[in-house]
Amino acid sequence: MTLTLKPVAKTQDLVIQELGSETLVYNTITNQACCLNETAAFVWSACKGDKSIDEIAGTFEDKFGTAVDAEFVRLAVSRLADKDLLIDNGLAGMEMPSRREAIRKIGVSTAIAIPVVASLLAPRNVWAQTSCRCSSPGHCIVQTSCPNTNNCNPSQICAP
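Source: prediction; values computed, not measured. (Residues numbered from 1 in each chain as written. Predicted model: local features only at pLDDT ≥ 70, side-chain atom pairs only at ≥ 80, totals over all residues. Heavy atoms only, no water.)

Here's the deal with the side chain of Thr39
Here is step 1: Its place among the elements puts Thr39 in helix α1 (residues 38-46).
Here is step 2: With a relative accessible area of 7%, Thr39 lands in the buried category. (Helix = DSSP H or I, 4+ residues; strand = E, 2+ residues; numbered from the N terminus. Buried < 20%, exposed > 50% of the residue type's maximum accessible area, 1.4 Å probe, protein only.)

In structure tokens form, the structure reads like this:
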């Protein structure tokens with residue numbers, strides 16, 4: 001019996017901001033920010049638990065006009081899992097390709113679209129100085145450095 005992986009994107013404790021073709025994801029628990037390029041963001045947004053890696057690869061062509069191999073999506077899923085942006089639902093049992101292996105299998109012709117998940121760790125003293133945590137929309141009004149000053153989202157962050 002073959003296990004079909006249907007990855008699920010993590011949504012709790014995240015602040016998500018789209019910046020042009022990239023998506024910035026800030027984890028309020030680990031204090032880590034990740035910048036996903038357009039292809040990695042597309043794969044991450046497609047990880048809803050209802051599509052297999054092969055199905056996500058199929059939807060890629062609809063969005064970008066270029067067909068990709070399932071190996072391409074496996075690489076993106078592997079990078080997203082490394083940055084703790086996926087809920088663990090069987091990823092540990094799956095063999096994920098290294099970046100070098102995936103690029104060799106995918107080919108140089110699609111190298112422009114290689115999914116990139118870059119991260120940086122924000123200094124803790126900065127987070128302590130400008131916390132966007134909230135328990136009601138009223139707390140956001142005084143926190144002018146937060147992404148939103150009138151909305152306390154379900155993750156209790158002053159953000160959309």
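Still to come is the rest of the account.
Concerning the nonpolar core
Here is step 1: Judged by nonpolar contacts, the single largest core of 27 residues is most densely connected at Leu36, Trp44, Val73, Val77, Leu80 and Leu85.
Here is step 2: When near neighbours in sequence (up to four residues on either side) are disregarded, Trp44 contacts Ala9, Lys10, Leu14, Ile16, Val25, Leu36, Leu80, Leu85 and Leu86.
Here is step 3: Ranked by size, the runner-up nonpolar core spans eleven residues in total, among them Cys132, Cys140, Ile157 and Cys158. (Core = buried A, V, L, I, M, F, W, Y, C linked by side-chain atoms within 4.5 Å. Contact = heavy atoms within 4.5 Å.)

Points about the pairing of strand β2 (residues 14-19)
Here is step 1: Pairing of β2 with strand β3 (residues 22-27) involves six bridges; the strand directions are antiparallel. Considered in β3, the bridge of Leu14 is made with Asn27.
Here is step 2: What sits between β2 and β3 in their antiparallel hairpin is a turn of two residues, with Gly20 showing a positive phi close to 65 degrees. (Pairing = 2+ DSSP bridges.)

Quick word on the pattern of salt bridges
Here is step 1: Across all of its chains, the model carries three salt bridges by this definition.
Here is step 2: A salt bridge links Asp84 to Lys10; the shortest N-O distance between them is 2.9 Å. Taken together, the residues Asp84 in the loop between α3 (70-82) and β5 (86-87) and Lys10 in the loop between β1 (8-9) and β2 connect sequence positions 74 residues apart.
Here is step 3: Using a relative accessible area of 33% as the deciding quantity, one classes Asp84 as partly exposed.
Here is step 4: For Arg79, the salt bridge goes to Asp82, with nearest N and O atoms at 2.8 Å. Of this pair, Arg79 and Asp82 both sit in helix α3, three residues apart, which is roughly one turn of that helix.
Here is step 5: For Asp82, a relative accessible area of 53% translates into the label exposed. (Salt bridge = Lys/Arg side-chain N within 4 Å of Asp/Glu carboxyl O.)

Quick look at α3
Here is step 1: Between its terminal C-alpha atoms α3 stretches 18 Å, which fits the 18 Å expected from 13 residues at 1.5 Å a residue.
Here is step 2: Restricting attention to buried positions, one finds in α3 the residues Ala70, Glu71, Phe72, Val73, Leu75, Ala76, Val77, Ser78 and Leu80.
Here is step 3: With a side-chain oxygen lying 2.8 Å from the backbone nitrogen of Glu71, the N-terminal cap of α3 falls on Asp69. (Expected span 1.5 Å × (residues − 1). Polar contact = N/O pair within 3.5 Å; in protein donor to acceptor, adjacent residues only side chain to side chain.)

Remarks on helix α2 (residues 53-64)
Here is step 1: Along its twelve residues, α2 runs 17 Å from first to last C-alpha, staying within 8% of the 16 Å computed at 1.5 Å per residue.
Here is step 2: The complete set of buried residues in α2 reads Ile53, Ile56, Ala57 and Phe60. For α2, the arc enclosing every buried residue in end-on projection is 100 degrees, short of the 170-degree limit, so these residues lie on one face. In α2, those exposed residues whose orientation departs by more than 90 degrees from the buried face are Asp54 and Asp62.
Here is step 3: Lining the buried residues of α2 we find α1 and α3.
Here is step 4: Immediately beyond the C-terminal end of α2, within one or two residues, lies Gly65, with a positive phi of roughly 75 degrees. (Arc of directions from axis to C-beta.)

Re the packing of α1 against α2
Here is step 1: For the pair α1 and α2, the least separation of the axes is 11 Å and the interaxial angle reads 130 degrees. The orientation of α1 relative to α2 falls into the category oblique. In this structure, the crossing between α1 and α2 has a hand that is right-handed. Contacts from Glu38, Thr39, Phe42 and Ala46 in α1 reach Ile56, Thr59, Phe60, Lys63 and Phe64 in α2. (Axes fitted to C-alpha atoms, helices over the stretch in contact; angles between N-to-C directions. Parallel < 35°, antiparallel > 145°, perpendicular 65-115°, else oblique. Left-handed = near helix turned anticlockwise from the far one by under 90°.)

Concerning the confidence of the model for the chain
Here is step 1: Confidence along the chain averages 76 in pLDDT terms, with 73% of residues attaining 70 or more.
Here is step 2: This stretch, residues 125-129, has a pLDDT under 50; its non-local contacts, to residues over four places away or in other chains, come to five contacts. (pLDDT = per-residue confidence, 0-100.)

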